[in-house]
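Take a look at the letters that make up each chain.
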Amino acid sequence: MLTKRIIPCLDIKDGRTVKGVNFVELRDAGDPVSLAKLYSEQGADELVFLDITATVDKRKTLVDLVTQVAKEVRIPFTVGGGIASIQDVYALLAAGADKISINSAAVQNPQLIDQLAKEFGSQCVVVAIDSRCTAGVDWVHTHGGRKVTALQTKAWAKELADRGAGEILLTSMDHDGTKAGFALELTAAISGALPIPVIASGGAGSMLHFKEVFSSGKADAALAASIFHFKEIGIPELKLYLDKEGVVVRN
Amino acid sequence: MGANWTANAQLAVQILPTRKKSMKVALIKYNAGNVQSVIYALERLGVEAELTDDPGKIRSADRVIFPGQGEASSAMAYLKERNLDQVIREVKQPFLGVCLGLQLLCSHSEENNTPCLGIFPQLVKRFVPSASGQEKVPHVGWNSLENLVENPLFKDLPDAKYLYYVHSYYATLGEGTLATTHYIQDFTAILHRANYWAIQAHPEKSSTLGEKLLENFLALPST
């Protein structure tokens, strides 16, 4: 049976893992290579590696860091941050990434999604959406959450699937870093409407939150960072809990 | 001096990979993605693989791995242009297809109506979500390996039998099906006939079980 996936996210800035609250106030959370290896051995189902300064600083993701991480881990590995062209993707795949995640570049040039899906296959293309709710409407944000766009989250997610995205990484900026739980309604609405998997992100604070996002949130995978980095929840105990609660996970 | 030399020599012996470096593994080079992670997985097992489309190198390797993610018709066209389709049909050493590599070893793929290599009689079809529409396509994630038929590839496998899958097309069940996985319906997870083995999942990304399958493949007797 297909299992629900637990995905630790490594936000990278200047070669270190960092974590912020609502996309700001970054804290250091350790060496990405050792964290990646630890999570891989502990039973994480995938890893996501985001160079969060890449777009802002006009800097390309650190390919050699990707290589080091890819050599150490035995699970699938997605890399994002500052990807804007087919050439960027070639470089990351050659370094050992299995999938790439794009965000701002997809908003600026939606055809890039079609091009990447054609060139590398949909399975390789994760499109990240940073969403924030204003007056009851969910809006897509870019540039690490700093810029609001004219795109509504649900319509944009649908367009991404139509253009050939393989998965959606949906981050609720309202929930991110709060540890108050995932955005269940938004996740369920998008996951239920799309033929492709949705990875829920933002707000994980307890094991119950994961159970909720897989049941009422209809997520295919759940992503979290700080609760894993700061050892508030261990992946093995989380998986045992989910299994006991009737969520199908790989143990 | 002498003591140092002995100590260093002992250290050198200790740090040598357990598998002999002399094993030649050819990784068939074609227009498929995701090859680097196969190379790293083999490195973790102490084996250096050469990515090549040179028929001579493929024919003389101890093991041949046919990896891949991509689209069936363009992959077949690429293989034919370089006469690699013939090379693949003729090799005698243990041969392992992975993901698209498995599909191309079957007789026909629905993906752009593509005649494939025909090593296995299986047909490759696209997943069709069931009436409930619950299942998404592609099939992405960890799924369980079931109905294993005894085979040297399955020697000493760990208890937890999950492999990582990413695919929209699957091979039907049939002669040579060594194990199945269930998604929408049962499909062929692993195939074997003569010197050909094939795995639909990505063993290079499937943690302990995937690594063990690759290790067992490398340990198969040479032919």
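Heads up: the structure comes first, above all this text.
An account of the accompanying structure is given in this report.

The rules behind each value
- Residues numbered from 1 in each chain as written.
- Chains lettered and ligands numbered in written order.
- Predicted model: local features only at pLDDT ≥ 70, side-chain atom pairs only at ≥ 80, totals over all residues.
- Heavy atoms only, no water.
- Salt bridge = Lys/Arg side-chain N within 4 Å of Asp/Glu carboxyl O.
- Helix = DSSP H or I, 4+ residues; strand = E, 2+ residues; numbered from the N terminus.
- Buried < 20%, exposed > 50% of the residue type's maximum accessible area, 1.4 Å probe, protein only.
- Contact = heavy atoms within 4.5 Å.
- Buried area = accessible area lost by both parts, 1.4 Å probe.
- Polar contact = N/O pair within 3.5 Å; in protein donor to acceptor, adjacent residues only side chain to side chain.
- Pairing = 2+ DSSP bridges.
- Phe/Tyr/Trp six-rings, centres within 6.5 Å; stacked < 30°, edge-to-face > 60°.
- Lys NZ or Arg CZ within 6 Å of the ring centre and 35° of its normal.
- Axes fitted to C-alpha atoms, helices over the stretch in contact; angles between N-to-C directions.
- Arc of directions from axis to C-beta.

**Focus on the pattern of salt bridges**
All names here are of chain A. This structure, assessed with the given rule, holds 22 salt bridges over all chains. A salt bridge links Glu 46 to Lys 99; the shortest N-O distance between them is 3.1 Å. On the criterion of sequence distance, the pair formed by Glu 46 in the loop between helix H1 (32-42) and strand E4 (47-51) and Lys 99 in strand E6 (residues 99-102) is long-range, its members being 53 residues apart. Residues Glu 46 and Lys 99 agree in their burial class; the two are buried. A salt bridge links Arg 163 to Asp 114, with the shortest nitrogen-to-oxygen separation between them at 2.8 Å. Note that Arg 163 is positioned in helix H6 (residues 153-163) and Asp 114 in helix H5 (residues 111-120), a separation of 49 residues in sequence. Judged by relative accessible area, Arg 163 falls into the partly exposed class, the value being 24%. Take Asp 114: its relative accessible area is 32%, and that puts it in the partly exposed class. Overlapping salt bridges, with partners in common, bring together Arg 5, Glu 46, Lys 99 and Glu 167 in one network.

**Comments concerning the interface of chain A and chain B**
Taken together, the contact between chain A and chain B spans 34 residues of the former and 29 residues of the latter. In this assembly, chain A packs against chain B so that about 2500 Å² is buried in total across both faces, 51% of it on carbon and sulfur atoms. It is A:Leu2, A:Arg74 and A:Gln123 that lose the most area in chain A upon contact with chain B, and together they represent 29% of the buried surface on that side. At the junction of chain A with chain B, the criterion picks out three salt bridges. Where A:Asp220 meets B:Lys136, a salt bridge forms, and the shortest distance between an N and an O atom there is 2.8 Å. The tally of links between chain A and chain B comes to 22 residue pairs in polar contact (both at pLDDT 80 or more).

**Some thoughts on unusual backbone geometry**
Residues and elements named next belong to chain B. In the segment running from Val 137 into Pro 138, the intervening peptide bond is cis, with an omega of 10 degrees. Mapped onto the secondary structure, Pro 138 falls in the loop between strand E7 (123-126) and strand E8 (139-144). In this structure, Asn 83 is a non-glycine residue whose phi angle is positive, near 65 degrees. Among the structural elements, Asn 83 can be located in the loop between helix H4 (72-81) and helix H5 (84-90). Overall, Asn 83 belongs to the partly exposed group, its relative accessible area being 40%.

**Quick word on the sheet that holds strand E10 (residues 169-171) of chain B**
Residue and element names in this part refer to chain B. Taken together, the four strands give an open sheet; going across it, the order is E6-E5-E7-E10, and neighbouring strands pair in mixed fashion. The outermost strands of the open sheet, each flanked by one partner alone, are strand E6 (114-115) and E10. As paired elements, strand E5 (residues 108-109) and E6 share two bridges and run antiparallel to each other. Bridge pairing in E6 places Ser 109 opposite Thr 114.

**Considerations on the packing of aromatic side chains**
According to the stated counting rule, one finds 14 aromatic pairs over all chains in the structure shown. Both rings, one in A:Phe210 and one in A:Phe228, keep their centres 6.0 Å apart while their planes meet at 35 degrees; by these two values the pair is tilted. Taken together, the residues A:Phe210 in helix H8 (residues 207-214) and A:Phe228 in helix H9 (residues 226-229) connect sequence positions 18 residues apart. Taken together, the aromatic side chains of B:Phe127, B:Tyr165, B:Tyr170, B:Tyr183 and B:Phe187 make up a single cluster linked through ring pairs. The aromatic ring of B:Trp142 is capped on one face by A:Arg250, whose charged end is 3.6 Å from the ring centroid. The lysine or arginine in question, B:Arg82, covers the ring of B:Tyr78, its NZ or CZ lying 3.5 Å from the ring centre.

**A closer look at the sheet that holds strand E4 (residues 95-98) of chain B**
Residues and elements named next belong to chain B. Taken together, the seven strands give an open sheet; going across it, the order is E2-E1-E3-E4-E13-E12-E11, and neighbouring strands pair in mixed fashion. The open sheet has two edge strands, strand E2 (49-52) and strand E11 (177-183), and neither has a second partner. For this sheet, the mean inter-axis angle between neighbouring strands, taken without regard to orientation, is 25 degrees. One ladder, built from four bridges, connects strand E12 (residues 185-193) with strand E13 (residues 196-199); its direction is antiparallel. Looking at the pairing, Arg 193 lines up with Tyr 196 of E13. Against the sheet, helix H2 (residues 35-44) makes contact with strand E1 (25-28), E2 and strand E3 (63-66), and its axis sits at roughly 165 degrees relative to E1, the strand it touches most.

**Focus: the side chain of B:Thr172**
On the secondary structure map, B:Thr172 appears in the loop between E10 and E11. Apart from residues no more than four positions distant in its own chain, B:Thr172 is found in contact with B:Gln122, B:Leu123, B:Lys125, B:Thr177 and B:Thr188.

**Let's talk about helix H10 (residues 235-244) of chain A**
Since one α-helical turn is 3.6 residues long, residues separated by three or four positions face the same way. Residues and elements named next belong to chain A. Turning to H10, its buried residues number three or more, namely Ile 235, Leu 238, Lys 239, Tyr 241 and Leu 242. Angularly, the buried residues of H10 cover 160 degrees about the axis, an arc narrow enough to put them on a single face. In H10, the exposed residues that point more than 90 degrees away from the buried face are Leu 240 and Lys 244. Buried-residue contacts for H10 involve strand E1 (5-13), H1, H8 and H9. Positive phi shows up at Gly 246, right after H10, with a value of about 90 degrees.

Function-wise, these values are silent; they only describe arrangement.
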